Structure formats: C-alpha cells, structure tokens
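Next come the chains, spelled out residue by residue.
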Amino acid sequence: MHLIEWARRHAEAGPGPGALARLLAGEPDAEVARATGLPAAVVSGVRSYYDLLSPGPRVCDGTACHFAGAGDLAARLARDGAISRVRCLGHCHAAPAFLSGHQVMARPAAQPLESWLAGWGEGGEPHEDLAPIPRTSLADPAVVLRNLLPGARVTGLGEYQLPAGPAILAAIAAAGLRGRGGAAFPTAAKWQAARDAETRERFVVANGDEGDPGSFVDRLLLEEDPHAVLAGMLACARVIGASRGFVYVRGEYPRAQATMREAIAEARTAGHLGAGFDVEVVPGAGAYVCGEETALLRSIEGLRGEAQPKPPYPTERGLFGRPTVVQNVETLAVVPWIVRTGRGSGTKAFSLSGAIARPGVVEAPLGITLRRVLEQAGGGPPAGRRWRMALVGGPMGRVLPEPHFDAPLSYEALAGLGHAGIVMLDESVTPRALAEHLFAFAAAESCGSCTPCRVGTRHLSAMRDRQSLERLLETLEMGSLCGFGQGVPRPLRDLLEHFGDEVFAC
C-alpha cells in the first residue's frame, strides 16, 4: 500500500502517535512497527532520515556559526566524545552554538570565543545562554514585535478576541497580507481555498520549522509571544472551519516547544482553545526540507519529511488527505493585530547576525534598504572590521556584495528574501569559502526525493569552472521537485555574477 494512502486511511480512525513521535519518545523500531502497522523497513527509513534520532551533541554549522568558530568549537567538544553537525540552532546572534540533549549552548554575548572555550575546564560543559534575543524596530507602529519591545503593552490572552470567520477573512483580504515565510502567497486566497473545499474536516498548521541558517524570528515569537501565534491559528480555524491545529516546531528549538505547550494550556484554561478548536505541538527531528509544506505534513504524519508533487496543494489535500492551511509563524502572529485594527502590515522582521555590531531581530518596513537596516538597527560592522558581502534569505537566498547594500528588501524587489535572515560576512570570508559552505549545506539537506537534487547537490563541490557549474545549476533549477533544489542555484549565481573566478580559487 502506498504510504500516503496508508496515512489517510489511518486518519479515519483518528491519528494517534506516528512513527516519528514514537521514535522521538525512545520506542524501539520493532515496537513502533507493531503499533503503527508500518513495515519495519519504513520505520528504519524514518529513523535514518532525521538527524536528531541519533544520540550525541551537535555543533551548529549554520552560516553565522560556521564563520564564527564552529570548527574550533567542534574540536573542543570532540575531546569528550563523538559529535555531529546540525545546520542551524536559531542562536545565530550568539554564534557559535551547539545542542546538548535538550539544551542549546551558545556563546554569551560579547564574550570572545577563545575565553568561552577556555572557561569550560577539562571535561566541563558551558552554561546555557539564557540571554534574550535583542530586538528593535524601525517601523511605526511595530506589528510583529508589538508585544516584545521594551515598554510594550503585552496583549497576551487578549489576542484571542476575534470576530467570526467572514469578518476575519475580509480583514485579511483588505490588508493584502502575504505569507512571511518566503513564498509571499496571498494569505486570504489560501484560506479561501481551504474554506471552499468540500470535506468534513480541515486542519491548520503553524510552520515553525525555521531552518534557514541566519533566521531566528520564529524562535523569538514561539518563545516570547506564543499567544499571538495561537490566536492567528484560531483566526484561520474560524475562517476555514477547522477543529484541529498543529504547531510544528523544529527539534532544535526545545524551549520553543515547551513555551508553546504552556501557552496552549493557558488558552484552554481561559476557554479560548479546547472544544471548538484545539491545538497540539508536534516536534520536528532535524531535517531542513521539512520547512517545505508538503514535507512538513509528511513529518506530522510520522513519515519521512520528503517533498511531494503539487498539485494537489495542501489546501485541497494536505494533512491525512484533508484540506490544510500551512502558515508561517510570523504570518500568523500578525493576523490578530490586522483583524483588531483593520490596518495592513507592510513590515517584516529581519534577523541580523554575523559581522554586525548589534545582532538581533529588527522590524522594518518592507522596501527599506539593506544598508539602512545594517546601519540604523545593526550599528554597522564590528570595530576594526569591514564588510565584504551579505547572505540574505539563507542558503536559498541572495548574496549581495557591499556596493549593492542599497538594494531594497522586499519580496518584489529581491527574489529569494525568504525568512529575511541577514548574515554579514567580513573581508576574512572569501567567495570560495562561502561557496563551499553553500555546497555542503545543499548536499547535506537534500531530502533525496528527486534525482536532480539528490545527485546534483553532491556534485556541486566538484565543479572547477564556471561553465560546468552553471550547467549543473540549470539542471537543479529546472529539474528539482521542490523549492529546495530550485533555490540552491540562486546565491551561487550571485557569487558568480559578483565575484567571477574567485568562486573557484583554492
């Protein structure tokens, strides 16, 4: 039986814990196979697919951590046993970082890497970095960060004061809200499509699989403004007629998972969640491609998070074969404000990390120039350092050299803006070094569902001339099944355009 069809039939009796959830709970493969009815080989395939199902500490190799001493950190941890790598832990503002059990350890702000490493002692372990993510706003009023800025009037449970579905949909349509996860698809159109589907059951899914290295806006919202996210889900549920919702949170965000569960319990006690619409947290297990909506849905079903062909789209046939709205965390968080005020949100939250004086999250109007964000919110480069380029939008995003920092930051003007993570790279980082980092990321995170991406990403590093690399990039872009393989060429083409043969310099 085809696995997706198995999942749909399994849902008829009410989906219980899937293979992934059981494996995360520590159940043996044989017991998982017996409980789920899946073949043993399928259970084994699920275990092998997700990084966090294998034991041991993991050093972050996201862009900010990679160029801030992740190699030295890995060497230090290797003294105490085997380690592995993870592509981003969402602590880019305090790089480098590593995951130990259910805690993320990150370099304390302003502490030199060498002193942090030296301070552990023989066989010791550093303290978890509990410092909050710095945040500021260049927008008036702040919308994404409305509850998180100093002196803000935190609305909390007041976020759930929402009208009926038709009024919500009208407000979202009038505001012209587009998804903030990268695709920028009109939110009202997506919700309307799910609402119009002829079925007895629909789902709402919050996509908290913020895997782009350099992005940590969703982590900030999940950990510090969870009720805004949940209220956005409730608003969507009222529009489309859903009774169940799922918050899919990266396995690399253990604190966000705990915070969301606490917020759900508070909302149930207050009567905002429960009988009419209820929500549960589903943890991821370490797979970048699960940020793609069809892969994410397969992961919630307990299977390997592999992208599926579209159409059908999730609004037609999504989770367990039912119409499903998958919405980015930041998008959901602004919905209650839009509905309450009747105003549009033309702002975006940007993550700043790397070679920047003041890393953190900044909310700014869409269309603002990169240079203004860097100088006014980020404080410019650190003392004694000069910028060479910026990686905007993660490994599927854009590379902008310093002369191009006056580029406007919007989905229309800068294809590939994505989650809007901005990692600044100084003159110590060569175009070749960044290219190799992007090659390694692509090869490690391809889900393997389609041949062009599975094979092509593993051959990127072997290309030794521009013509060969561009031919491979075209194959990836034209032949890949989902946005991962299609997006891999984008920053590499920028490197070729702006730096030419420096990309191939050894």
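Right, let's walk through the structure included here. (Residues numbered from 1 in each chain as written. Predicted model: local features only at pLDDT ≥ 70, side-chain atom pairs only at ≥ 80, totals over all residues. Heavy atoms only, no water.)

Digging into the packing of aromatic side chains
To describe a pair of aromatic rings, one takes the distance between the centres and the angle between the planes. Considering all chains together, one arrives at seven aromatic pairs under this definition. Where Phe203 meets Phe246, the ring centres are 5.8 Å apart and the plane angle is 65°; that geometry is what we call edge-to-face. Remark: Phe246 occurs in strand E7 (residues 244-249) and Phe203 occurs in strand E6 (residues 203-208); sequence separation between them is 43 residues. Each of the two residues, Phe203 as well as Phe246, counts as buried. Within the aromatic cluster, the residues linked to one another by ring pairs are Phe203, Phe246 and Phe320. (Phe/Tyr/Trp six-rings, centres within 6.5 Å; stacked < 30°, edge-to-face > 60°. Helix = DSSP H or I, 4+ residues; strand = E, 2+ residues; numbered from the N terminus. Buried < 20%, exposed > 50% of the residue type's maximum accessible area, 1.4 Å probe, protein only.)

Concerning the packing of helix H16 (residues 431-445) against helix H20 (residues 489-499)
Two numbers describe how H16 lies on H20: the axes approach to 10 Å, and their chain directions differ by 165°. Judged by the angle between their axes, H16 and H20 are roughly antiparallel. Every pair of crossing elements has a handedness; the one defined by H16 and H20 is left-handed. Every residue of H20 that contacts H16 at Pro431, Leu434, Ala435, Leu438 and Phe439 is listed here: Pro491, Leu492, Leu495 and Phe499. When its residues are assigned to classes, the contact of H16 with H20 shows nine nonpolar, no polar and no charged. (Axes fitted to C-alpha atoms, helices over the stretch in contact; angles between N-to-C directions. Parallel < 35°, antiparallel > 145°, perpendicular 65-115°, else oblique. Left-handed = near helix turned anticlockwise from the far one by under 90°. Contact = heavy atoms within 4.5 Å. Nonpolar A, V, L, I, M, F, W, Y, C, P; charged D, E, K, R; others polar.)

A closer look at empty space enclosed by the protein
Tallied over the full model, the rule gives two cavities of 30 Å³ or more. Computed from the structure, the largest cavity encloses a volume of approximately 90 Å³. Reported here for the second largest cavity is a volume of approximately 60 Å³. Looking at the second largest cavity, it is lined by 13 residues, and the ones nearest its centre are Cys447, Cys450, Cys453, Cys482 and Phe484. Across the lining of the second largest cavity, the residue classes break down as eight nonpolar, five polar and no charged. (1 Å grid on protein atoms, 1.4 Å probe; cavity = no way out; pocket = protein on both sides within 12 Å on 5 of 7 lines; lining within 4 Å. Points joined across faces, edges and corners; volume = space filled by probe spheres on them.)

Looking at the nonpolar core
Formed by 144 residues in total, the largest nonpolar core has its most connected members in Trp191, Leu230, Val247, Leu460 and Leu495. Counting residues in each nonpolar core, the second largest holds 25 residues, with Phe350, Ala407, Leu409 and Ile422 among its members. (Core = buried A, V, L, I, M, F, W, Y, C linked by side-chain atoms within 4.5 Å.)

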